[in-house]
Amino acid sequence: MENETKLAETTTLQKAFHKLSTVFSRIFSSNLNPLYHLGAIAIYLFLVDTFSGIYLYIFYKIDPRYVYTSVEAISNSFIGNIMRGLHRYTSAGLIFVTLLHTIHVLVTDRFRMFRWIAWITGVLALGTFLVIGISGYILVWDVKAQLIGILTGKFLSYLPVFGHSIMSTFLGSDIKLLGGMFRMVMYFHVALTLGIVFILWLHVLRNARPRIVPPKFLWVALSVILVVVSIVFKAKSDEGANLSNISFVISMDWAYFFVYPLMKIMPLSWMWLTVSVVTLILISFPWLIKGKKIHPVVIDHEKCTGCECCYIDCPYEAVIMQRLDTGKKKSVVNENKCAGCGICIGSCSFKAITLPAFPWQRVLDDIREKAPDVVVFRCRFSAEVPDRDKQFTCTVPCIGSVHTRFPKEILGGGVKGVCLVGCETDDCHYREGSKWTMARYEGSRKPSLDKQTDPSRIRILQATSTSGIAQELDSFTRDLNDGKKFDTVTVRGNRKLNYAVASLLLLIPTLLLYPLTSDRMAFYPEDKSVVILTFKYRSTSSVASARSPIKVTMQVNQKEVFSHIYNPRGIRQDSSIFVYDEILLNPEHAEISLKMEETLFPEKHEELNLTKDLKPKDSIIITYDDATKNLIFLK
């Protein structure tokens with residue numbers, strides 16, 4: 001039998017997650033299940049990543065002439081190798097754990113309505129993590145850093161404010177321009193790392209007692225595993241970057257570079273459209289999917305004594321203490337923060353709090369009318385309870401709403417026992433409902449169970465999956481019929497940790513970080529050669545303060561293969577021109593002729609001629625030497 005008060009049931013995805021989490025809980029125990037601590041694990045990885053980054057920064061030389069050698073020197077020392085490995089693998093792990101945390105939040109429906117701020121800041125944190133990681137890779141200044149810098153500049157070049165200025169920094173002969181870029185990237189890297197702290201603070205702002213540190217076993221095991229992986233699988237750089245050459249193939253870190261392969265198949269306009277649409281969908285997700293309307297609790301101020309129990313227990317700080325006209329402090333509900341969980345009902349010993357979704361008096365009347373043997377209170381996010389004869393099942397918003405006085409009012413009149421079925425403690429949908437329920441019924445938190453109530457007639461089941469529920473209810477019924485006595489309320493859940501299997505399950509995904517951060521990928525056709533034009537040019541002639549655009553044409557074996565006009569930057573077009581273009585050529589004996597002229601003054605032009613036997617994966621870098629005022633070919 002079920003009460004007439006209906007609440008939304010769990011979805012198919014939630015049931016699937018519950019089954020998976022049950023398997024993990026049997027290995028890790030409910031309290032140490034990593035699926036329940038993904039947010040805290042992400043923060044832990046961020047802290048390790050930050051502290052290892054500070055160590056690397058101490059020995060890092062920001063001058064681009066010495067960057068690569070300083071990074072290699074760090075890697076060649078024992079401690080430096082560990083620190084660099086920790087920095088590499090925790091940063092990649094941070095992205096994957098954050099994605100898992102996001103999936104967990106989506107599947108368990110913890111992103112809408114009163115949780116929208118946490119969702120928005122979570123999306124912002126993920127984006128910030130990605131930008132921090134990409135900027136960190138550029139600072140290594142190997143061929144991967146160089147190509148990622150160029151690809152990033154190419155992506156940003158779609159915005160007029162950037163143009164070709166970023167791309168032309170990573171190739172050519174202007175080492176000072178590159179040095180300025182390195183300093184900007186470093187400051188940006190550090191500033192965002194500090195900024196993420198503020199974002200994470202906003203992320204947990206609306207939660208009372210947020211969990212920001214994973215259980216000891218998890219962080220100790222992860223620390224040991226990460227150190228071992230850093231020693232065994234050394235974090236390596238690609239070859240050192242060269243301003244006169246570009247690599248066709250680089251090692252990929254899929255945690256951060258997953259967007260860049262799309263540039264091989266999409267124009268920049270479609271790239272920006274894709275990224276913009278995905279970002280917009282993520283940000284607006286809490287409003288795209290409508291949820292069941294939340295009915296906040298109602299507090300009767302005539303019954304409220306101002307004891308502050310509900311104020312203390314509320315997991316979202318939705319209950320505040322306020323001095324009313326009578327001069328006494330009373331509990332007041334902030335309806336914008338209220339989750340409608342009813343945990344505060346379980347805190348109040350004076351019957352001052354009610355919840356429309358859990359009309360206790362009507363439920364009590366139904367129980368007395370139907371006189372079942374066993375009454376089951378089930379959290380709607382926990383295991384589904386099978387229907388049975390002489391059993392009354394009441395689905396409640398949260399198991400924390402079942403006050404310790406309820407069993408006293410129920411027991412008797414034919415009711416033999418009361419069973420509470422709730423979420424596992426560390427994965428309570430409303431964060432602390434299961435935790436407070438256990439504490440209240442075990443007597444370590446007020447309001448505790450009345451001394452006149454026999455604890456043997458009450459059982460608490462922490463379960464997210466239907467597996468085992470029927471057997472537990474059968475066991476409870478037998479104990480009631482046999483008259484077994486217990487000094488305290490019996491709580492059944494997964495309490496045992498399997499150290500060996502749990503450690504192995506943590507090791508496997510950590511080991512996957514190495515291949516996921518060392519995969520090789522080509523960003524140019526490996527059967528082609530490439531000519532790259534990259535330079536900064538400032539027109540010497542102007543008309544009405546605007547400088548002349550330039551036209552660049554290139555012929556290969558007397559056949560024109562490229563022609564483009566570049567305009568000066570600035571609103572008044574009075575700034576320098578940044579040129580960056582890539583021309584793919586077939587490997588062959590090539591006579592290359594390049595001409596650059598100012599469009600307003602064609603007599604001002606420069607030419608460059610060269611002959612070369614092009615081979616697959618050859619790169620020819622052509623730039624402009626401002627000192628000699630000539631186009632040059634970098635060898």
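- The name given to the protein chain in an unreviewed UniProt entry is Hydrogenase iron-sulfur subunit, and the organism recorded there is Candidatus Magnetobacterium casense.

Things to note about the sheet that holds strand β12 (residues 529–537)
Right, so step 1: The 4 strands are arranged β17-β12-β20-β21 in an open sheet whose pairing can be described as mixed. Whereas interior strands pair on both sides, the edge strands pair on one side only; in this sheet they are β17 (577–585) and β21 (630–634). Along the sheet, successive strands turn relative to each other by an average axial angle of 15°, direction set aside.

Here's the deal with the pattern of salt bridges
Right, so step 1: For the structure on display, the rule yields 22 salt bridges.
Right, so step 2: Between Asp238 and Arg520 there is a salt bridge, with its nearest N and O atoms 3.6 Å apart. In this pair, Asp238 sits in the loop between α8 (216–232) and β1 (249–252) while Arg520 sits in strand β11 (residues 519–522), placing the two residues 282 residues apart along the sequence.
Right, so step 3: The exposure class assigned to Asp238 is buried, which follows from its relative accessible area of 7%.
Right, so step 4: Classification of Arg520 by relative accessible area gives partly exposed; the value is 44%.
Right, so step 5: A salt bridge links Asp313 to Arg440, with the nearest nitrogen and oxygen atoms 2.8 Å apart. With a gap of 127 residues between them, Asp313 in helix α11 (residues 309–313) and Arg440 in helix α15 (residues 433–442) connect regions that are remote in the sequence.
Right, so step 6: Taken together, the shared-partner salt bridges in this structure form one network comprising Asp313, Arg440 and Arg445.

Section: unusual backbone geometry
Right, so step 1: In the segment running from Lys446 into Pro447, the intervening peptide bond is cis, with an omega of -5°.
Right, so step 2: Residue position: Pro447 is located in the loop between α15 and β9 (458–462).
Right, so step 3: Positive phi outside glycine occurs at Ser29, with the angle close to 85°.
Right, so step 4: On the secondary structure map, Ser29 appears in the loop between α1 (12–28) and α2 (38–58).
Right, so step 5: Despite not being glycine, Glu308 has its phi angle at roughly 75°, a positive value.
Right, so step 6: Topologically, Glu308 is positioned in the loop between β2 (298–299) and α11.
Right, so step 7: Overall, the relative accessible area of 30% leaves Glu308 in the partly exposed class.

How each quantity is defined
Residues numbered from 1 in each chain as written. Predicted model: local features only at pLDDT ≥ 70, side-chain atom pairs only at ≥ 80, totals over all residues. Heavy atoms only, no water. Pairing = 2+ DSSP bridges. Helix = DSSP H or I, 4+ residues; strand = E, 2+ residues; numbered from the N terminus. Axes fitted to C-alpha atoms, helices over the stretch in contact; angles between N-to-C directions. Salt bridge = Lys/Arg side-chain N within 4 Å of Asp/Glu carboxyl O. Buried < 20%, exposed > 50% of the residue type's maximum accessible area, 1.4 Å probe, protein only.

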